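Spelled out, the chains give:
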Amino acid sequence: MKRFLLTLSVILIALIAYATPPNLSVEQFFDGRYNNDKTVEIYIYRDQKESYRTFKVSNNPTIVKQVLDALQADSQKSANYSERIKGGRKNYRITVYNNGKNIDIGFGMSVDGKSATLMINGPISAFK
């Protein structure tokens, strides 16, 4: 009986951990706090299956650094990470695995660090 309860407990804990939201740091940029910032452009597309979001910053190195810091925090959760630097322009791509689905996060930053674009996309079920 103890063995059965232990096995059941382990299975329940695994299911709870599997079904938790990814709590991505980069998602904070879509919470509405930048809606009135003239240096920011936000695009959100959702249908029944997919979610696609873009956060574009122009001429605001403070926000660019905040986005880069959030991306680096999320890279600790990533299944893979890639970085490309060409002509001083930096591009990053990470994939976070959640609920059996991939969430792709891309980030491109200008040479001077004043402008950047953050993109997040994946199936809706990956964000739950």
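Use the structure listed above.
This write-up is about the structure you can find in this document.

Definitions and cut-offs
- Residues numbered from 1 in each chain as written.
- Predicted model: local features only at pLDDT ≥ 70, side-chain atom pairs only at ≥ 80, totals over all residues.
- Heavy atoms only, no water.
- Salt bridge = Lys/Arg side-chain N within 4 Å of Asp/Glu carboxyl O.
- Helix = DSSP H or I, 4+ residues; strand = E, 2+ residues; numbered from the N terminus.
- Buried < 20%, exposed > 50% of the residue type's maximum accessible area, 1.4 Å probe, protein only.
- Phe/Tyr/Trp six-rings, centres within 6.5 Å; stacked < 30°, edge-to-face > 60°.
- Lys NZ or Arg CZ within 6 Å of the ring centre and 35° of its normal.

**Some details on the pattern of salt bridges**
In the structure shown here, the tally under the stated rule is five salt bridges. A salt bridge links Glu27 to Arg53; the shortest N-O distance between them is 3.1 Å. Of this pair, Glu27 sits in the loop between α1 (2–18) and β1 (40–46) while Arg53 sits in strand β2 (residues 50–57); the two residues are 26 residues apart in sequence, bridging distant segments of the chain. With relative accessibility at 23%, the residue Glu27 sits in the partly exposed group. Arg93 is paired through a salt bridge with Asp104; the nearest N and O atoms lie 3.2 Å apart. Of this pair, Arg93 sits in strand β4 (residues 89–98) while Asp104 is found in strand β5 (residues 101–109), placing the two residues eleven residues apart along the sequence.

**So, unusual backbone geometry**
Although it is not a glycine, Asn59 sits at a positive phi angle of roughly 55°. Checked against the element boundaries, Asn59 lands in the loop between β2 and α2 (61–74). The phi dihedral of Asn99 falls on the positive side, at around 55°, and the residue is not glycine. Along the polypeptide, Asn99 turns up in the loop between β4 and β5.

**A short note on the packing of aromatic side chains**
The way to describe two aromatic rings as a pair is by their centre distance and the angle between their planes. Tallied over the full model, the rule gives seven aromatic pairs. Relative to Phe55, the ring of Phe30 lies with its centre 6.0 Å away and its plane at 70°, an arrangement referred to as edge-to-face. Residue Phe30 is found in the loop between α1 and β1, and its partner Phe55 is found in strand β2; the two are separated by 25 residues along the sequence. Each member of the pair Phe30 and Phe55 is classed as buried. Put simply, the rings of Phe29, Phe30, Tyr34 and Phe55 pair up and form one aromatic cluster. Here Arg53 stacks its cationic end above the ring of Phe30, 5.2 Å away from the centre of that ring.

Honestly, that's just the spatial picture; any functional story needs more than this.
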